[in-house]
Every structure is written in C-alpha cells, then in structure tokens.
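# A structural walkthrough
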Amino acid sequence: MESKVALVTGSGQGIGKAIALRLAKDGFAVAVVDYNAETARQAAEEITRQGGKAIALQADVSDRDQVFAAVEQARQQLGGFDVIVNNAGVAPTTLIEDITPEIVDKVYNINVKGVIWGIQAAVKAFKALGHGGKIINASSQAGHVGNPELAVYSSSKFAVRGLTQTAARDLAPLGITVNAYCPGIVKTPMWDEIDRQVSAAAGQAPGYGTAEFAKRITLGRLSEPEDVAACVAFLAGPDSDYMTGQALLIDGGMVFS
Ligand SMILES: NC(=O)C1=CN([C@@H]2O[C@H](COP(=O)(O)OP(=O)(O)OC[C@H]3O[C@@H](n4cnc5c(N)ncnc54)[C@H](O)[C@@H]3O)[C@@H](O)[C@H]2O)C=CC1
Ligand SMILES: CC(=O)C(C)=O
C-alpha cells in the first residue's frame, strides 16, 4: 500500500522537525518545508537515514504562491497528499508600547496568513485527489490566555484557534478535519530566544524567564519537541478521525492559573 503523505511547515528544527520525524516513523512520506533550505535538507536526510521517505522543500509560509507550490511539489513527488501541519511560527517578545507595524506584519504574515495559505493549498490538493484529509495548525497555550510580553504573538495564536474552528465547520462537508495543537513551553530555539528576551527585560540572567513560566507547568517539567509530536501524530492518524475544530491544550498550566 502507498504511504500517506504529510507536509510539515517550519520542520527544519524544533517542534516541526520532531513532528516530521515522528510522522515518518508512523509510516508517512514527509515533505519537510522550511524557509531555511539547509535545515530542511538535514531533517529530510535524517528521516531517510532512519529508513523513512522524505523530501526537503524551501518555502516561506507568508508567501501564498510559495505555499501552494510546496504542496503541489509534495503531491507530485510523494504521490499523494493527506495531511498538512501548519507549524511554522515566530515569537518576538513585545511590550505593548514598543509594538511597531513591522512586528505586527511579520508575526501575522507568518503565524496567521501562513496558516490560511496552508489550509487553502491543502484543500486544493485534497479536492484534486478526490478525497478528504487532515489539517493541523500550531496554536499555543498563548492562544488560550494572554501571555505577558507576547501580545502580538499571543493574539496571532488566538487567531489560529478561530481559524481552526471556522475551517472545521466550512470543510467538514469535504471530509476534511481541522484541529490545532497548543503546547506550553517546549525546549526549542524559539523558547531559548523568548527566555533570553524576557530575562534581559527583567534585568536577569538567561533562565530567569523559563523559571518564571515553569512555575505554572502542571507536570513540573518543560516539554520536549517529541512530547508535542506525539500529540500531533494522534491528530494526523486515524484515531482522531471523529475529531474536528479542537485546539488540543498540551500543557494547560498557564491557562488554569
Ligand atoms: N517552543 C515553544 O515553547 C512553543 C512553540 N509553539 C509554536 O510551535 C511552532 C514551532 O515552534 P518552535 O519549534 O518552538 O520554533 P523554532 O523557532 O524553534 O522553529 C521554527 C521553524 O520555523 C521556520 N520558519 C519560521 N518562519 C518561517 C516561514 N516564514 N516560512 C517557513 N518556515 C519558517 C524556522 O526556520 C524554524 O525552522 C510555532 O508555531 C510556535 O509558535 C507553541 C507553543 C509553545
Ligand atoms: C512560545 C509559546 O507559544 C509558549 C511559551 O507557549
């Protein structure tokens, strides 16, 4: 039987890379998409070395044409299209008074419009293939509760939840499910940079921001990218077939407190 095909954006490093590796282990042929061509190539090579099937594609998710082209390339080169994970995101810290039009445009172009273009491109591919599929979007605990110093980022992740719910309703008649994953703090380069910025703003050494956020983590430890990938594997696989419009909160500590 032919492998199912999944495309993961922002999968050259961090959570996206862990998702790509996990989906490959689960039997998907994977398109590793990132605007960093070198990290995408390395991640795809790692999958191939482990016995999986993968291609690397360079695309900037804020560019609609590039997203459509990447999905089409994945469909043609991997022989199908079943799952898109709209994972790519950026998270500059921003005090309210320091927010600039440039920061808003950058974050919204990637975190919100990138998800819209990914949804549209996946729908086009599913329709061309005459079957439904799964759309999975990266939100965050910060998409459930406003996070300090992350106003632009947090609001973009609230938007992703809204898009997920609406698209789930609109696309259900086509046999397409749409869900989101909402991690807490995950040990990736993105988090390292947030910690550095939050700690510096408080006049503290790196690690201070992590310690402050970590006080509210329910399970008492930061999550690994692989913890998130396991939840996304569930959303990509058949066990979640009767689930749509959901925003899976992976660590709710910030939200409960
Ligand atoms: N690390 C964390 O604590 C959390 C992360 N998230 C979300 O998970 C997703 C992945 O985050 P991390 O792996 O931590 O981030 P990361 O910064 O470590 O990795 C992001 C990847 O996306 C790529 N990327 C960025 N902009 C892109 C663009 N315009 N087009 C294509 N690729 C692009 C980068 O090159 C990089 O490979 C993001 O959407 C983030 O907002 C959500 C909750 C917590
Ligand atoms: C970066 C992010 O989404 C966090 C810490 O939840």
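Residue numbering note: each chain is counted from 1, following its sequence as written. A letter from A marks each chain and a number from 1 marks each ligand, given out in the order of writing. Owing to the predicted nature of the model, reporting of local features is limited to residues with pLDDT of at least 70; listing and counting of side-chain atom pairs is limited to 80 or more, with chain, interface and lining totals taken over all residues. Think of the side-chain values as coming from all heavy atoms in the structure, minus any hydrogens and water.

### Some thoughts on the UniProt feature "active site" (unreviewed entry) in the protein
Rules: UniProt positions are given in the numbering used here, feature names are shortened, and annotations may be inferred rather than shown by experiment. Segments assigned H or I by DSSP are reported as helices when at least four residues long, segments assigned E as strands when at least two residues long, and all are numbered from the N terminus. Note on definitions: a residue-residue contact is assigned when non-hydrogen atoms from the two residues lie within 4.5 Å.
Under the feature "active site" (unreviewed entry), the UniProt entry names Tyr 153. Secondary-structure assignment places Tyr 153 in helix α5 (residues 151–171). Excluding anything up to four places from it in sequence, Tyr 153 contacts Val 90, Ala 91, Val 107, Asn 111, Ser 140, Ala 142 and Met 190.

### Here we look at the site of ligand 1
Inclusion rule: Nearness is defined per residue: one heavy atom within 4 Å of the molecule or strand is enough. Here a polar contact is taken to be a pair of N or O atoms separated by no more than 3.5 Å, where protein atoms must pair a possible hydrogen donor with a possible acceptor and residues adjacent in sequence count only if both atoms sit in side chains. Computed with the Shrake-Rupley method and a 1.4 Å probe, the accessible areas treat only the protein chains shown as cover for residues. Just so you know the grouping, Ala, Val, Leu, Ile, Met, Phe, Trp, Tyr, Cys and Pro go in nonpolar, Asp, Glu, Lys and Arg go in charged, and all remaining residues, Gly too, go in polar.
Near ligand 1 there are 25 residues, and of these Ile 15, Asp 34, Asn 87, Tyr 153 and Thr 188 occur at the shortest range. The separation between an oxygen atom of ligand 1 and a polar side-chain atom of Gln 13 is 2.9 Å. Asp 60 places a polar side-chain atom, nitrogen or oxygen, 2.9 Å from a nitrogen atom of ligand 1. Computed on the free molecule, ligand 1 has an accessible area of 830 Å², of which 95% lies beneath the protein chains in the complex. Split into classes, the residues belonging to the shell around ligand 1 amount to 13 nonpolar, nine polar and three charged.

### Some remarks on the packing of aromatic side chains
Basically, it comes down to this: For this analysis, a ring pair means two rings from Phe, Tyr or Trp (six-membered ring only for Trp) whose centres lie within 6.5 Å, classed as stacked if their planes differ by under 30 degrees, edge-to-face if by over 60, and tilted for the remaining angles. Relative accessibility under 20% of the residue-type maximum defines a buried residue, over 50% an exposed one, and the middle range a partly exposed one, all with a 1.4 Å probe and only protein chains included. Geometrically, a charge over a ring is one whose NZ (Lys) or CZ (Arg) sits within 6 Å of the ring centre while staying within 35 degrees of the ring normal.
Taken as a whole, this structure holds two aromatic pairs when the rule is applied. Between Phe 81 and Phe 126 the ring centres are 5.7 Å apart and the planes differ by 40 degrees, which places this aromatic pair in the tilted class. One end of the pair, Phe 81, is in the loop between α3 (64–78) and β4 (83–86); the other, Phe 126, is in helix α4 (residues 101–129), with 45 residues separating them in the sequence. Comparing Phe 81 with Phe 126, the two get one shared label, buried. Ring geometry for Trp 191 versus Phe 213: centroids 5.0 Å apart, planes at 75 degrees, classification edge-to-face. Residue Trp 191 is found in helix α6 (residues 189–201), and its partner Phe 213 is found in helix α7 (residues 208–214); the two are separated by 22 residues along the sequence. Sitting above the plane of the Phe 158 ring, Arg 161 keeps its charged end 5.6 Å from the centroid.

### Some thoughts on the nonpolar core
Rules: Residues grouped as a nonpolar core are buried Ala, Val, Leu, Ile, Met, Phe, Trp, Tyr and Cys residues, joined through side-chain atoms within 4.5 Å.
Ranked by internal contacts, the top residues of the largest apolar core, which has 37 residues, are Leu 7, Phe 81, Ile 135 and Leu 171. Those elements that place two or more of their residues in this core are β1 (5–9), β2 (29–34), β3 (53–58), α3, α4, α5 and β6 (176–182). By residue number, the principal contributor to this core is α4, which donates ten residues. Beyond its immediate chain neighbours, meaning those up to four positions away, Phe 81 contacts Val 5, Leu 7, Val 71, Ala 74, Arg 75, Ala 122, Ala 125, Phe 126, Leu 129 and His 131.

### Considering helix α8 (residues 225–236)
Stated formally: What a helix should span is 1.5 Å times the count of its residues minus one.
Taking 1.5 Å per residue as the helical rise, α8 with its twelve residues ought to reach 16 Å, and the 16 Å between its terminal C-alpha atoms agrees with that figure. Along its buried surface, α8 packs onto α1 (14–25), β4, β5 (133–138), β6 and β7 (247–249).

### Examining the site of ligand 2
If you check the shell around ligand 2, you find Ser 140, Gln 141, Tyr 153, Pro 183, Gly 184, Trp 191 and Ile 194 and nothing else. Residue Gln 141 places a side-chain N or O atom 2.6 Å away from an oxygen atom belonging to ligand 2. Within the side chain of Tyr 153, a nitrogen or oxygen atom sits 2.6 Å from an oxygen atom of ligand 2. Bound to the protein, ligand 2 loses 94% of the 220 Å² it would expose on its own. Counted by class, the shell around ligand 2 contains four nonpolar, three polar and no charged residues.

### Focus on the pattern of salt bridges
Put simply, the rule reads: When a carboxyl oxygen of Asp or Glu lies within 4 Å of a side-chain nitrogen of Lys or Arg, that pair is called a salt bridge.
Taken as a whole and judged by the stated rule, the model has ten salt bridges. In this structure, Arg 22 engages Asp 26 in a salt bridge whose closest nitrogen and oxygen atoms are separated by 3.2 Å. Classification of Asp 26 as partly exposed rests on a relative accessible area of 40%. Each of the salt bridges in this network shares a partner with another, and the network as a whole consists of Glu 38, Arg 41 and Glu 45.

### Some remarks on the environment of Glu 224
Tracing the backbone through its elements, the reader meets Glu 224 in the loop between α7 and α8. For Glu 224, a relative accessible area of 30% translates into the label partly exposed. Apart from residues no more than four positions distant in its own chain, Glu 224 is found in contact with Val 186 and Lys 187.

### Looking at the pairing of β6
Both faces of the sheet carry side chains from a regular strand, because those side chains alternate between them. Threshold: When the strands point away from the viewer, a crossover counts as right-handed if the route from the first strand across the helix to the second turns clockwise. Note on pairing: two strands pair once DSSP finds at least 2 bridges between them.
Across the seven residues that make up β6, a large majority, seven, are buried. You can see the chain leave β5, run along α5 and come back into β6, and the turn it takes is right-handed. Pairing geometry for β6 and β7, over three bridges, is parallel. Among the inter-strand pairings, Cys 182 is bridged to a residue of β7, identified as Leu 249.

### Some words on the sheet that holds β4
Formally: For helices, the fitted axis covers only the stretch in contact; all axes are lines through C-alpha atoms, and the angles between them, taken along N-to-C directions, range from 0 to 180 degrees.
If you walk across this open sheet you meet the seven strands as β3-β2-β1-β4-β5-β6-β7, and the pairing is parallel. Every other strand in the sheet has two partners, leaving β3 and β7 as the edge strands with one partner each. Neighbour-to-neighbour, the strand axes of the sheet open up by a mean angle of 20 degrees, direction not taken into account. In this sheet, β4 lies alongside β1 in parallel orientation, the contact comprising three bridges.

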